[in-house]
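Structural overview for review
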Amino acid sequence: MIFERLSAGGCQSYLVGCPESCVAVLIDPEITLIDRYTAVAAREGLRIQYLIDTHTHADHFSATQQLSRRLGVPVAMHRTSPAPFVDLRLDDGEMLLVGKHRLQVLHTPGHTGDSMCLRIEDRLFTGDTLLIGATGRTDLPSGDPDALYDSLVNHVLQLDSQITVHPAHEYKGRSHSTIGQELADNPRLQVRDRAAFAEMMRNLNLSMPSHVTEALRTNMSGGKTVAQMLAEAAAVVPFMSLAELKTRVEAAVTELVVLDVRERDAYEEGHISGAKLLPRGQLELRVNQDLPDPTRRIVVCCEFGRISTLATATLREMGFQRAVALDGGVKAWREAGFPLKTGREP
Ligand SMILES: [Fe+2]
């Protein structure tokens, strides 16, 4: 069996492959590692056959949908997953064939209603149901401490004590554990009484994970993250550096239109000399009137260099083939000590 653990922060994902059949399953992929997964699979001579999320993640951005589009591979999740892009809906006691290996599904609700543990031979991929020395929290949407107790005590912990545990999160750098070790050492599993366990889980008072609303929005709907929108825009527009623009502004290169897409108050507080104001919110409405020549060379700027990237992509889509984005924003321009003008342009 080929086994690779890939980490992004505390998020763990796993590539498990069959060397004889050259196929693999990718469990809990995270969006920043997309190129890494495909590179590792290629290096190992594996074709990814299934993309699986152990549950609806609230704390990281799942890559299953994007990888599914890129690779033409089905996304598998528990049948109760709210995500509309799931191709294979799985349930307790079912299996997927990964070459010569069998991936068994255990429905283990508790952290979320759609949580699964996945067993491949002597390895158990526990998602957020069982972590090393902890369990998943039960205070996020569809979490249920009583269900987690049942899943752990009556399902997961009944498995052979030698089975290795591979969680979706690990913040202390440990690679894995075993069912036996967790039974012996995991502090939460020492609370064997159901009511006491549920009480403990209800009183953890954990802070919300960062990006929780964006993670749930995108993981549940298949919609894009803000970072994805920006990356897609950045991939289709050229950029100009702050220093390059400064040189050209100072040389008063008349062919260049500096287009400032911030709001008027920000523009009047300080803008690049000669910049034309066209707030992003009015871009499509005013573009025909304000930029009548689609062949003009345009450098788009905003405060941080992000909205300008989106605006440049929009302009290019509208036919402004010489629109480029400033690499950085007016904030970076100001911090570089480059000159700004206040008030309106004549
Ligand atoms: Fe989770």
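Quick summary incoming for the structure in this document.

1. A few points about the overall build of the protein
If you tally the helices and strands in the protein, you get 12 helices and 19 strands. Relative to a compact globule of 346 residues, whose C-alpha radius of gyration would be 20 Å, the protein shows 26 Å and is clearly more extended. Overall, the C-alpha framework of the protein stretches about 75 × 50 × 35 Å when taken along its three principal axes. Out of the 346 residues belonging to the protein, those deemed buried represent 51%. Within the protein, contacts between residues separated by at least 24 positions form 63% of all contacts whose residues are at least 6 apart in sequence. Within the structure as shown, the protein displays about 15800 Å² of accessible surface, and the carbon and sulfur contribution to it stands at 51%. Of the side chains in the protein, 37 bear a positive and 44 a negative charge, and the two mean positions are spaced by 5 Å.

2. As for the coordination of the iron ion
Every protein donor of the iron ion is listed here as His 55 (NE2), His 111 (NE2) and Asp 128 (OD), and their distances to the metal cover 2.0 to 2.4 Å. Between consecutive donor residues of the iron ion, the sequence gaps follow H-x55-H-x16-D. With His 55 in the loop between β4 (47-52) and α2 (64-71) and Asp 128 in the loop between β10 (123-127) and β11 (130-131), the pair connects residues that are 73 residues apart, well separated along the chain. Taken individually, His 55 and Asp 128 each receive the classification buried, so the pair is uniform in this respect.

3. A word on the sheet that holds strand β13 (residues 164-167)
Read across the sheet, six strands follow the order β7-β8-β9-β10-β13-β14 without closing on themselves; strand pairing throughout is mixed. In this open sheet, the two edge strands, each paired with only one partner strand, are β7 (95-98) and β14 (177-178). In terms of strand pairing, β13 meets β14 through two bridges, oriented antiparallel. Note that in β14 the partner of Thr 164 across the bridge is Thr 178.

4. Observations regarding the packing of aromatic side chains
This model, assessed by the stated rule, comprises five aromatic pairs. Here the aromatic rings of Tyr 149 and Phe 197 are separated by 5.7 Å at their centres, their planes lie at 55°, and the arrangement is tilted. Here Phe 197 lies in helix α5 (residues 194-202) and Tyr 149 lies in helix α3 (residues 145-154), a separation of 48 residues in the sequence. Per residue, the accessibility class of Tyr 149 equals that of Phe 197, and both read buried. A cation over an aromatic ring shows up here: Lys 246 above the ring of Phe 338, its NZ or CZ 4.9 Å from the ring centre.

5. A look at the sheet that holds strand β15 (residues 239-241)
With parallel pairing, the five strands of this open sheet are ordered in space as β15-β19-β18-β16-β17. The sheet is open, and its two borders are formed by β15 and β17 (276-277), each paired with just one other strand. Pairing between strand β18 (residues 297-301) and strand β19 (residues 323-327): three bridges, direction parallel. Residue pairing in the sheet places Val 300 in a bridge with Ala 325 of β19. Here helix α11 (residues 307-317) sits on the sheet and contacts β15, β16 (256-260), β18 and β19; the angle it forms with β19, its principal contact strand, is near 170°.

Reading the values: the criteria
Here, residues in each chain are numbered from 1, in the same order as that chain's written sequence. Two thresholds apply to this predicted model, a pLDDT of at least 70 for residue-level local features and 80 or more for giving and counting side-chain atom pairs, whereas whole-chain, interface and lining totals are computed over all residues. To get the side-chain values, all heavy atoms of the structure are used, and hydrogens and water are removed first. Strands are runs of DSSP state E lasting at least two residues, helices are runs of H or I lasting at least four, and both sets are numbered from the N terminus onward. A radius of gyration in this sense is built from C-alpha atoms; the matching globule rule multiplies 2.2 Å by the number of residues raised to 0.38. Each residue's exposure class comes from its accessible area (1.4 Å probe, protein chains only) as a fraction of the maximum for that residue type: buried when under 20%, exposed when over 50%, partly exposed otherwise. In what follows, a contact means two residues having at least one pair of non-hydrogen atoms within 4.5 Å. All accessible-area figures derive from a Shrake-Rupley calculation using a 1.4 Å probe, and residue coverage is judged against the displayed protein chains alone. When charges are counted, Lys and Arg are positive and Asp and Glu negative, with His and the chain ends excluded. By convention, charge coordinates are those of NZ in Lys, CZ in Arg, CG in Asp, or CD in Glu. Only nitrogen, oxygen and sulfur atoms qualify as donors, and only when within 2.8 Å of the metal (3.2 Å in the case of Na, K and Ca); with water excluded, sites may look incomplete. For two strands to count as paired, DSSP must find a minimum of two bridges between them. Centres within 6.5 Å are what make two rings of Phe, Tyr or Trp a pair, Trp counting through its six-membered ring; a difference in plane orientation under 30 degrees is then read as stacked, over 60 as edge-to-face, and the rest as tilted. A ring has a charge above it when a Lys NZ or an Arg CZ is no more than 6 Å from the ring centre and no more than 35 degrees off the ring normal. The axes are straight lines fitted to the C-alpha atoms, using for helices just the contacting stretch, and the angles between their N-to-C directions are given from 0 to 180°.

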